[in-house]
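Architecture at a glance
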Amino acid sequence: MINPDELELQEKLVYINRVSKTVAGGRRMGFTALMVVGDGDGHVGFGHARAKEVPDAIRKATEIAKRSLIYVPRRGTTIHFEVVGRQDATRVLLKPASEGTGVIAGSVVRAVMDAAGIRDVLTKVLGSRNPINTVRATFDALMQLETPEQVMRRRGKEAA
(Lines give C-alpha, C1' and ligand atoms only; values in the text may rest on other atoms or scores of the structure.)
Protein backbone atom coordinates (compact mmCIF):
# COMPACT_ATOMS: atom_id res chain seq x y z
CA MET A 1 0.00 0.00 0.00
CA ILE A 2 1.36 3.39 -1.02
CA ASN A 3 1.21 6.13 1.62
CA PRO A 4 0.38 9.46 -0.14
CA ASP A 5 1.67 11.46 2.87
CA GLU A 6 5.24 10.28 2.22
CA LEU A 7 5.21 11.41 -1.43
CA GLU A 8 5.49 14.91 -2.84
CA LEU A 9 2.51 14.85 -5.19
CA GLN A 10 1.73 17.19 -8.07
CA GLU A 11 -1.96 17.71 -8.83
CA LYS A 12 -3.35 18.22 -12.34
CA LEU A 13 -6.93 19.16 -13.15
CA VAL A 14 -7.77 17.13 -16.27
CA TYR A 15 -11.44 17.91 -16.81
CA ILE A 16 -14.27 19.86 -15.22
CA ASN A 17 -17.92 19.50 -16.18
CA ARG A 18 -21.17 21.21 -15.22
CA VAL A 19 -23.87 18.67 -14.46
CA SER A 20 -27.51 19.01 -13.46
CA LYS A 21 -30.07 16.96 -11.59
CA THR A 22 -33.72 17.51 -12.41
CA VAL A 23 -35.92 17.78 -9.31
CA ALA A 24 -39.54 18.88 -8.71
CA GLY A 25 -38.60 22.57 -8.54
CA GLY A 26 -36.36 22.58 -11.62
CA ARG A 27 -32.70 21.79 -12.10
CA ARG A 28 -30.00 21.57 -9.43
CA MET A 29 -26.62 22.47 -10.86
CA GLY A 30 -23.38 20.86 -9.75
CA PHE A 31 -19.85 20.26 -11.01
CA THR A 32 -17.65 17.22 -11.53
CA ALA A 33 -13.86 17.30 -11.52
CA LEU A 34 -11.35 14.77 -12.83
CA MET A 35 -7.95 15.05 -11.13
CA VAL A 36 -4.65 13.24 -11.66
CA VAL A 37 -1.94 13.23 -8.98
CA GLY A 38 1.60 11.87 -9.18
CA ASP A 39 5.10 12.29 -7.84
CA GLY A 40 6.84 12.14 -11.25
CA ASP A 41 8.69 9.02 -10.08
CA GLY A 42 6.32 6.16 -10.89
CA HIS A 43 3.43 6.84 -8.50
CA VAL A 44 0.17 8.08 -10.05
CA GLY A 45 -3.54 8.11 -9.18
CA PHE A 46 -6.79 9.66 -10.40
CA GLY A 47 -10.04 10.77 -8.82
CA HIS A 48 -13.46 11.81 -10.11
CA ALA A 49 -15.90 13.64 -7.82
CA ARG A 50 -19.04 15.78 -7.86
CA ALA A 51 -20.01 18.75 -5.69
CA LYS A 52 -22.17 21.89 -5.74
CA GLU A 53 -19.14 24.15 -6.19
CA VAL A 54 -16.01 23.74 -8.36
CA PRO A 55 -13.42 24.04 -5.54
CA ASP A 56 -15.24 21.39 -3.48
CA ALA A 57 -15.36 19.02 -6.48
CA ILE A 58 -11.61 19.53 -7.08
CA ARG A 59 -10.79 18.94 -3.40
CA LYS A 60 -12.88 15.75 -3.27
CA ALA A 61 -11.40 14.43 -6.55
CA THR A 62 -7.86 15.12 -5.27
CA GLU A 63 -8.52 13.18 -2.05
CA ILE A 64 -9.87 10.23 -4.05
CA ALA A 65 -6.84 10.38 -6.39
CA LYS A 66 -4.42 10.26 -3.45
CA ARG A 67 -6.16 7.13 -2.15
CA SER A 68 -5.98 5.39 -5.55
CA LEU A 69 -2.22 5.62 -6.16
CA ILE A 70 -0.53 2.86 -8.18
CA TYR A 71 3.14 2.23 -9.00
CA VAL A 72 4.18 2.20 -12.66
CA PRO A 73 7.34 0.22 -13.53
CA ARG A 74 9.52 2.13 -16.01
CA ARG A 75 12.68 1.51 -18.02
CA GLY A 76 14.62 4.74 -17.77
CA THR A 77 12.27 7.41 -19.06
CA THR A 78 9.90 5.10 -20.96
CA ILE A 79 7.86 1.92 -20.47
CA HIS A 80 9.03 -1.69 -20.93
CA PHE A 81 6.67 -2.82 -23.70
CA GLU A 82 3.68 -1.86 -25.85
CA VAL A 83 0.33 -2.16 -24.09
CA VAL A 84 -3.35 -1.40 -24.79
CA GLY A 85 -5.73 -0.29 -22.03
CA ARG A 86 -9.50 -0.55 -22.40
CA GLN A 87 -12.49 1.15 -20.77
CA ASP A 88 -15.92 0.86 -22.41
CA ALA A 89 -15.58 2.22 -26.00
CA THR A 90 -12.15 3.76 -25.35
CA ARG A 91 -8.83 2.06 -26.05
CA VAL A 92 -5.46 3.66 -25.25
CA LEU A 93 -2.26 2.41 -26.93
CA LEU A 94 1.04 3.09 -25.15
CA LYS A 95 4.32 2.39 -26.99
CA PRO A 96 7.85 2.74 -25.65
CA ALA A 97 9.92 5.47 -27.31
CA SER A 98 13.63 6.20 -27.50
CA GLU A 99 15.10 8.80 -25.17
CA GLY A 100 14.47 12.36 -26.27
CA THR A 101 11.21 11.58 -28.09
CA GLY A 102 9.02 13.20 -25.44
CA VAL A 103 5.41 12.45 -24.58
CA ILE A 104 3.45 12.18 -27.83
CA ALA A 105 -0.08 12.25 -26.42
CA GLY A 106 -3.32 14.19 -26.14
CA SER A 107 -3.94 16.40 -23.13
CA VAL A 108 -5.68 13.75 -21.00
CA VAL A 109 -3.10 10.97 -21.52
CA ARG A 110 -0.25 13.53 -21.27
CA ALA A 111 -1.42 14.57 -17.80
CA VAL A 112 -1.26 10.94 -16.61
CA MET A 113 2.17 10.31 -18.22
CA ASP A 114 3.66 13.49 -16.74
CA ALA A 115 2.31 12.67 -13.28
CA ALA A 116 3.74 9.12 -13.53
CA GLY A 117 7.18 10.37 -14.59
CA ILE A 118 7.13 8.79 -18.05
CA ARG A 119 9.07 11.21 -20.29
CA ASP A 120 9.30 9.29 -23.61
CA VAL A 121 6.24 7.47 -24.91
CA LEU A 122 4.05 7.27 -28.02
CA THR A 123 0.30 7.08 -27.37
CA LYS A 124 -2.90 6.86 -29.36
CA VAL A 125 -6.50 7.06 -28.13
CA LEU A 126 -8.75 4.80 -30.18
CA GLY A 127 -12.56 4.91 -30.10
CA SER A 128 -14.33 7.28 -27.72
CA ARG A 129 -12.37 10.35 -26.54
CA ASN A 130 -14.44 10.77 -23.35
CA PRO A 131 -11.94 12.17 -20.78
CA ILE A 132 -13.09 9.95 -17.90
CA ASN A 133 -12.92 6.76 -19.98
CA THR A 134 -9.59 7.88 -21.46
CA VAL A 135 -8.04 8.26 -17.99
CA ARG A 136 -9.48 4.91 -16.88
CA ALA A 137 -8.19 3.18 -20.05
CA THR A 138 -4.73 4.76 -19.53
CA PHE A 139 -4.67 3.45 -15.96
CA ASP A 140 -5.77 0.01 -17.22
CA ALA A 141 -2.76 0.04 -19.57
CA LEU A 142 -0.36 1.23 -16.84
CA MET A 143 -1.56 -1.52 -14.46
CA GLN A 144 -0.69 -4.16 -17.10
CA LEU A 145 2.97 -3.07 -17.15
CA GLU A 146 5.56 -5.33 -15.52
CA THR A 147 9.33 -5.39 -15.26
CA PRO A 148 11.22 -8.18 -17.07
CA GLU A 149 12.03 -9.67 -13.64
CA GLN A 150 8.30 -9.85 -12.76
CA VAL A 151 7.55 -11.56 -16.10
CA MET A 152 10.33 -14.14 -15.52
CA ARG A 153 9.12 -14.82 -11.96
CA ARG A 154 5.51 -15.23 -13.20
CA ARG A 155 6.67 -17.71 -15.85
CA GLY A 156 8.92 -19.59 -13.42
CA LYS A 157 12.12 -18.78 -15.34
CA GLU A 158 15.58 -17.95 -14.06
CA ALA A 159 17.48 -14.81 -15.09
CA ALA A 160 19.88 -15.51 -17.97
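Our subject is the structure listed above.
As a convention, each chain's residues are numbered from 1 in the sequence order in which they are written. Per-residue local features are limited, in this predicted model, to residues with pLDDT of at least 70; the limit for side-chain atom pairs, both in listing and counting, is 80 or more; totals at the level of whole chains, interfaces and linings are taken over all residues. With hydrogens and water set aside, each side-chain value is computed from the structure's full complement of heavy atoms.

1. A few points about the overall build of the protein
Secondary structure counts use DSSP, requiring at least four H or I residues in a row for a helix and at least two E residues in a row for a strand, with both numbered from the N terminus. Scanning the protein for helices and strands turns up 4 helices and 8 strands. On the principal axes, the C-alpha backbone points of the protein span a range of 70 × 35 × 30 Å. Working rule for contacts: check all heavy atoms of both residues, and any pair within 4.5 Å makes them a contact. In the protein, 58% of the contacts between residues at least 6 apart in sequence involve partners at least 24 apart. The positive count covers Lys and Arg only, the negative count covers Asp and Glu only, and His and the chain ends enter neither. Throughout, a charge is located at the NZ atom of Lys, the CZ atom of Arg, the CG atom of Asp or the CD atom of Glu. Of the side chains in the protein, 25 bear a positive and 18 a negative charge, and the two mean positions are spaced by 10 Å.

2. Thoughts on the side chain of Thr-90
By the secondary structure assignment, Thr-90 is in strand β6 (residues 90-96). For every residue, the accessible area obtained with a 1.4 Å probe (protein chains only) is divided by the maximum for its type, and the residue is called buried under 20%, exposed over 50%, and partly exposed between those limits. The class of Thr-90 is buried, set by a relative accessible area of 0%. Ignoring any residue separated from it by four or fewer positions in sequence, one finds Thr-90 in contact with Gly-85, Val-125, Leu-126, Ser-128, Asn-133, Thr-134 and Ala-137.

3. Comments concerning the nonpolar core
Here, nonpolar core refers to any group of buried Ala, Val, Leu, Ile, Met, Phe, Trp, Tyr and Cys residues whose side-chain atoms link them within 4.5 Å. In this structure, Val-44, Val-72, Leu-94, Met-113, Ile-118 and Leu-142 are the most contacted members of the largest nonpolar core, which totals 27 residues. Counting only elements with at least two residues in this core, the list comes to β2 (26-38), β3 (43-51), β6, α2 (107-116), β8 (121-127) and α3 (131-144).

4. Focus: the pattern of salt bridges
When their charged atoms lie close together, side chains carrying opposite charge are able to pair. What makes a salt bridge here is a side-chain nitrogen of Lys or Arg within 4 Å of a carboxyl oxygen of Asp or Glu, nothing more. Under the defined criterion, the tally for this structure stands at 5 salt bridges. Glu-146 serves as the salt-bridge partner of Arg-154, at 2.7 Å between the closest nitrogen and oxygen. Connected through shared salt-bridge partners, Asp-56, Arg-59 and Glu-63 make up one network.

5. Brief notes about the sheet that holds β3
Note: two strands are recorded as paired if DSSP finds a minimum of 2 bridges between them. Spatial ordering of the open sheet is given by β1-β2-β3-β4, a layout of 4 strands whose pairing is antiparallel. The sheet is open, and its two borders are formed by β1 (10-23) and β4 (70-71), each paired with just one other strand. In the sheet, β3 pairs with β4 via 2 bridges, with the strands oriented antiparallel. Pairing of Val-44 across the sheet is with Ile-70, part of β4.

6. Regarding the packing of aromatic side chains
Two aromatic rings, taken as a pair, are described by how far apart their centres are and by the angle between their planes. Stacked, edge-to-face and tilted labels apply to pairs of Phe, Tyr and Trp rings (six-membered ring for Trp) whose centres lie within 6.5 Å, assigned for plane angles under 30 degrees, over 60, and everything in between, in that order. Counted by the stated rule, this structure contains 1 aromatic pair. Look at Phe-46 and Phe-139: their rings are 4.8 Å apart centre to centre, the planes differ by 55°, and that puts the pair in the tilted class. One end of the pair, Phe-46, is in strand β3; the other, Phe-139, is in helix α3, and 93 residues separate them in sequence.

7. Some words on the sheet that holds β6
What links the strands of a sheet is backbone hydrogen bonding, and the strands pair in either a parallel or an antiparallel sense. The 4 strands lie next to each other as β5-β6-β8-β7, forming an open sheet whose pairing is mixed. The open sheet has two free edges, formed respectively by β5 (83-87) and β7 (103-104), since each of these has just one partner strand. Axis definition: a line fitted to C-alpha atoms, over the contacting stretch in the case of helices. Angles run 0 to 180 degrees between N-to-C directions. Of the strands in this sheet, β5, β6 and β8 are in contact with α3, which crosses β5 at around 140°.

8. Section: the pairing of β5
Alignment of β5 against β6, held across 5 bridges, turns out to be antiparallel. Across the sheet, residue Val-83 finds its bridge partner in β6, namely Leu-94. With antiparallel pairing between neighbouring strands as the criterion, β5 and β6 make up a hairpin whose turn holds 2 residues, including Asp-88 at a positive phi of roughly 55°.

9. Some details on the environment of Thr-123
Checked against the element boundaries, Thr-123 lands in strand β8. Residue Thr-123 is classed as buried on the basis of its relative accessible area of 16%. A C-alpha to C-alpha distance of 7.0 Å links Thr-123 and Val-92, two positions 31 residues apart in sequence. A polar side-chain atom of Thr-123 sits 2.8 Å from the main-chain carbonyl oxygen of Ile-104. Each polar contact in these results corresponds to two N or O atoms within 3.5 Å; when the atoms are within protein, one needs to be able to donate a hydrogen and the other to accept it, and residues that are neighboring in sequence are counted only if both atoms are side-chain atoms.

10. Digging into the pairing of β3
Counting buried residues along β3, 7 of its 9 residues qualify, which places the element largely inside the surrounding structure. Relative to β3, β2 runs antiparallel, the two sharing 8 bridges. Bridged to Met-35 within β3 is Gly-47. As consecutive antiparallel partners, β2 and β3 are separated by 4 residues, and within that stretch Gly-40 has a phi angle of approximately 75°, a positive value.

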